[in-house]
Amino acid sequence: MNTKKRILLVDDEKSFTNLLKLNLEDTGAYEVHVENWAEDAYPAAQSFKPDLILLDIIMPRMPGGNVAAQIKADPALKDTPIVFLTAAVRKHQVEENDGIICDHPCLAKPASADEVVQMIEKHIRK
Amino acid sequence: MEKPIKVLLVEDSPVDSRLLQLLLGESKTMHFSWTCVGRLADALPKLRDEHFDVVLSDLTLPDSHGFETFKSLHAQAAGMPIIVLSGTDDENMAFKAVREGAQDYLVKGKVDTHVLVRSITYAIERHRAERALHESEHHYRHLLESITDYTYTVRLQNNLPTKTVHSPTCVSITGYTPEEYDKDPDLWLRMIDPADRAAVIEQAREVSHGKMPPPLEHRLLHKTGHVRWVRNAVVPCRDQNGKLICYDGLISDITERKLAEEKLVKSEAFYHSLVEHLPQYIFRKDLHERFTFANQRFCAMLGKPLDEIVGRTDFDFYPPELAAKYQRDDRYVIGKIFETIEENKSPLGERLYVNVIKTPIHDVAGTIIGIQCIFWDITERKQFEERLQKANEELARSEAALRKSHEELKSAQLQLIQAEKMESIGTLAAGVAHEVKNPLAIMMMGINYLNRKLTTPDENITTVLKEMRDAIERADSITRGLLNFSASRQLDIKPQDFNALVDETLRLVRHALSSNEVELIREFGEKLPKVGVDKTQIQQVFVNIFMNAIHAMPQGGKLRVRTYARQLTETTHFEGMRKMDRLSIGDTAVIADVEDTGTGIADEHLTKIFDPFFTTKPTGVGTGLGLPVSKKIIELHGGSLDVRNLKEGGVQVRMMLKAHRTLT
């Protein structure tokens, strides 16, 4: 009955996660769960079972790459698409690599809400 | 009237004194002036201070008695006649005084005027005669003593000496008297210096046989032991019948002359030794340019003995031109000292330098009678000086080279410092850019949300949100530029057709060209070698260069793009140009010159155009990162990017890249 797509948003910037959550949920198409600490991301993924994970790369205590590896190592979660949303890469770098950085699709910050939505729709499990 | 005769009367008895004066006063022929004293002590100072024609003195005085009185007076009055007055009782003593030098004695009471006058007159006359005799004797003795010659006569019988007579002056020369020679017949031979005896004997033998031997100079020993030089001349004498009876000899003392001669000889030897042992060449000439003297060194140089040089001139030894020059110099010397350094050629053609000093020669009267020349070889010194000068010049040259390389080093150091500065700016910028991106992302999300929530379309709010969104994009583009600048890129090098690459890039700015009314002039070289480059990077550089050119021509203009290849023969360097010189001489460079007809770059900006964030464009048009990033990209390719103002206006950007080596 719940047709909304479940999005797990992991980023240490609280203001950013608040605003992106508002934008995404405002579309009415998504249910967004936010984690601001990288080490909380995997447990949250296990319980929340997201349809897609938006993951920052540069975070204190644990980089996003490690979080992605944890998730990919879990058979229950390994097919959950992950999209990196990061200031560590530049738009042209992403473009030059056909949108894939470190085996995952990637979106360079700052991106507009529309770009994030397009990215989600492109990679989410249908 | 004749001069009165001055009389000193020494008489203690006033009566006797008066009586004598009365007696003499009666004389009709003579006049007397009197000085009378009564004591010896008064008489002596008078005699010392005045002259008297005669002294009359009593011998018995209050302060002196008898003969002592006479002795005291005689000692004091050496040049004056003294007449002693005595009583009858001491006539013997008066007589003794006469023996000792008194002129006369008179017995008091037994004299009259006549006796007295005669005695005084005779005393004066006798005394004068004695003096004259004494002086004459003295004169002749002096004369005799100054005679340095004496004669001797040797009587002969059958050519053998029988008797020898020496003249008295032999004493002054030999110290022996004629009598001594008389007593000792061998004395004359013994006193002759043993070394000279044979010669003297030979002379005597010859003259004894009637010959006329030449005068002989020899030494003899004076009685005191001193050596004296004499000249001994002999002449044979014959009687009326021509028979040899004796010979006369004249001995002259020539010691002084001999000593002077010896001194002269020594002095000559001294100067001769100097002149012959000095390392200089020395010669003298007379006023007719004839050599009068040359030292052995000079003789050796001409290769002739002295007697073949003396009397000749320079023309006998040197080529005519040189001889004429020497004589010119000589004439110049007359009246002054002349010093010069001459450059000559040796027979082997080597250059020789000679230091010459010429001075005039004067005779005793000061008249110039010739010239003297001293010269010496200073070739070695000259060569040393030349070497020194050369070394100095080389030193100066290497110093200049050193300074130049120092300046180059300094310039390289400045470039390094600049590069380091750029690196640290890049590192800083990368950090800042990353940190700025997150806040920008948050703002972007906020604006997205507000847009979405704006239910009633309000034009102002829409505008505000759009402006904010544009601002975020601008900030983002700056951070992108910073990151580009700081990134150490991995270049994707591939051989590319340079003209095609330029053409493709020009298409990207086609719109900007036409909208700014810029006319494009393409002058592409044919058959350019390929370049090994990262295509997108080089395109980015070209876009930057083209956009800068277009922005420099807001009123429109011409953009000239010229491509060509050239082998580098020198490291390029233009005035007022920044250069990155990675290309070396001999490399083939593929070059693109991009020229605009715009405003040019102010001189004070020319040094800053490669600094990050330096821009003269309005805010929002330029980030100040275009040229620094471009330069960095070209550097990574090992090429160079130079910017300069053109004389005719506008700017030329020259990109040089190495031609790709086609082996790959």
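What counts, and at which threshold
Sequence order as written defines residue numbering, which begins from 1 separately in each chain. In the order they appear in the text, chains get letters beginning with A and ligands get numbers beginning with 1. In keeping with the predicted nature of the model, local features appear solely for residues at pLDDT of at least 70, side-chain atom pairs appear and are counted solely at 80 or more, and the whole-chain, interface and lining totals rest on all residues. In this text, helices come from DSSP runs of H or I with a minimum length of four residues, and strands from runs of E with a minimum of two, each type numbered from the N-terminal end. Once C-beta atoms are placed from the backbone, each residue is buried if 20 or more other C-beta atoms lie within 10 Å of its own, exposed if 12 or fewer, and partly exposed for counts between those two. C-beta atoms are first placed from the backbone for all residues, and any pair lying within 7 Å is then listed as a contact. Arc, as used here, means the arc of the directions from the helix axis to the C-beta atoms. Strand pairing is defined by DSSP finding a minimum of two bridges between the two strands. Only the contacting stretch of a helix is used when fitting its axis, a line to C-alpha atoms as for every element, and angles between N-to-C directions run 0 to 180 degrees. Gly falls in the polar group here, along with every residue not listed as nonpolar (Ala, Val, Leu, Ile, Met, Phe, Trp, Tyr, Cys, Pro) or charged (Asp, Glu, Lys, Arg). Values of pLDDT, which run from 0 to 100, indicate the predictor's confidence residue by residue. Linking buried Ala, Val, Leu, Ile, Met, Phe, Trp, Tyr and Cys residues through C-beta atoms within 7 Å yields a set, and such a set is a nonpolar core. Orientation labels follow simple angle bins: below 35 degrees gives roughly parallel, above 145 gives roughly antiparallel, 65 to 115 gives roughly perpendicular, and whatever is left gives oblique. Crossing handedness follows the turn of the near helix against the far one: under a right angle anticlockwise gives a left-handed crossing, and clockwise gives a right-handed one.

Attention now moves to the overall build of chain A. Secondary structure summary: chain A contains five helices and six strands in total. When the elements of chain A are put in sequence order from the N terminus, they spell out β-α-β-α-β-α-β-α-β-β-α. Each of the 126 residues in chain A was classed as buried or not, and the buried ones make up 37%. When contacts within chain A are restricted to residue pairs at least 6 apart in sequence, those whose partners lie at least 24 apart make up 57%.

Along chain B, the regular secondary structure elements total 19 helices and 22 strands. Within chain B, the fraction of its 664 residues that count as buried is 24%.

Residue and element names in this part refer to chain A. Along helix α5 (residues 113–123), the residues that are buried comprise Ala113, Val116, Met119 and Ile120. Looking down the long axis of α5, one finds its buried residues gathered within 120° of arc, a one-sided arrangement. Away from the buried face of α5 by more than 90 degrees, exposed residues Glu121 and Lys122 are located.

What follows covers the sheet that holds strand β11 (residues 281–286) of chain B. All names here are of chain B. Strands sit in the order β12-β11-β15-β14-β13 across an open sheet of five strands; the sheet is antiparallel. This sheet does not close on itself; its edge strands, each paired only once, are β12 (291–294) and β13 (338–345). Adjacent strand axes in the sheet meet at a mean angle of 25° when their direction is disregarded. Relative to strand β15 (residues 368–377), β11 runs antiparallel, the two being bridged by six bridges. When the sheet's bridge partners are listed, Arg284 is paired in β15 with Gln372.

The interface is formed by 16 residues belonging to chain B together with 16 residues belonging to chain A. The set of elements that each furnish at least two residues to the side of chain B that touches chain A consists of α13 (379–453) and α14 (459–486) of chain B. Top element by residues in the side of chain B that touches chain A is α13(B). It accounts for 12 residues. Residue composition of the side of chain B that touches chain A, by class: eight nonpolar, four polar and four charged.

Below, the discussion takes up the sheet that holds strand β6 (residues 149–157) of chain B. The strands making up a sheet associate through hydrogen bonds between their backbones, and the pairing can be parallel or antiparallel. Residue and element names in this part refer to chain B. Reading across the sheet, the five strands line up as β7-β6-β10-β9-β8 and stay open at both edges, with antiparallel pairing between neighbours. Bordering the open sheet on either side are β7 (160–166) and β8 (216–221), each of which pairs with just one other strand. Along the sheet, successive strands turn relative to each other by an average axial angle of 30°, direction set aside. Pairing of β6 with β7, which is carried by six bridges, proceeds in the antiparallel orientation. Among the inter-strand pairings, Gln157 is bridged to a residue of β7, identified as Leu160. Contacting β6, β8, β9 (227–238) and β10 (244–253), helix α9 (residues 194–208) runs over the sheet at an angle of about 125° to β8.

Moving on, we get to the pairing of β11(B). Bridging between β11(B) and β12(B) involves three bridges; their strand directions are antiparallel. Bridged to B:Arg284 within β12(B) is B:Phe293.

With that settled, consider the environment of B:Ala41. With respect to the helices and strands, the residue B:Ala41 is situated in helix α2 (residues 40–49). In sequence terms B:Ala41 and B:Leu61 are 20 residues apart; their C-alpha atoms lie 9.9 Å from each other.

Moving on to the confidence of the model for chain B. Chain-level statistics for chain B give a pLDDT mean of 84 and a share of 92% at 70 or above. Here residues 573–581 of chain B is modelled with pLDDT under 50, and outside its nearest four sequence neighbours on either side it reaches 22 contacts, counting other chains as well.

With an omega of -10°, the peptide bond between A:Lys109 and A:Pro110 qualifies as cis. Following the sequence through the fold, A:Pro110 ends up in the loop between β6 (104–108) and α5. Unlike most non-glycine residues, A:Arg61 shows phi in positive territory, near 70°. Tracing the chain through its elements places A:Arg61 in the loop between β3 (52–55) and α3 (64–73). Here B:Glu517, not a glycine, exhibits a phi torsion of approximately 55°, which is positive. Note on placement: B:Glu517 falls in the loop between α16 (510–515) and β17 (518–524).

What follows is about helix α2 (residues 41–48) of chain A. Residue and element names in this part refer to chain A. All of the buried residues in α2 are Ala41, Tyr42 and Ala45. Taken down its axis, α2 places every buried residue within 100° of arc, on the same side. With respect to the buried face of α2, the exposed residues turned more than 90 degrees away are Pro43 and Ser47. Tucked into the core, α2 has its buried residues touching β1 (5–10), β2 (30–35), β3 and α3. Immediately beyond the C-terminal end of α2, within one or two residues, lies Lys49, with a positive phi of roughly 50°.

Let us now look at the nonpolar core. Counting 41 residues, the largest nonpolar core has A:Val10, A:Ile53, A:Leu55 and A:Leu107 as its most contacted members. In terms of residue count, the dominant contributor to this core is α13(B) (five residues). Among residues more than four places away in sequence, those in contact with A:Ile53 are A:Leu8, A:Val10, A:Ala45, A:Ile71, A:Thr80 and A:Ile82. Counting residues in hydrophobic clusters, the runner-up holds 38 residues, among them B:Val533, B:Ala589, B:Val643 and B:Met655.

What follows concerns the environment of B:Lys163. All names here are of chain B. Mapped onto the fold, Lys163 is located in strand β7. What makes Lys163 exposed here is the crowd of 12 C-beta atoms within 10 Å. Here the alpha-carbon distance between Lys163 and Pro185, two residues 22 residues apart in the chain, equals 8.4 Å.

It is worth spelling out the packing of α2(B) against helix α3 (residues 67–76) of chain B at this point. Residues and elements named next belong to chain B. Remark: α2 packs on α3, axes separated minimally by 9 Å, with the N-to-C direction vectors making an angle of 15°. In terms of axis orientation, α2 runs roughly parallel to α3. For the crossing formed where α2 meets α3, the hand is right-handed. Counting all contacts with α2, which are made through Leu40, Ala43, Leu44, Leu47 and Arg48, the residues of α3 involved are Thr69, Ser72, Leu73 and Gln76. Per-class residue counts for the contact of α2 with α3 are five nonpolar, three polar and one charged.

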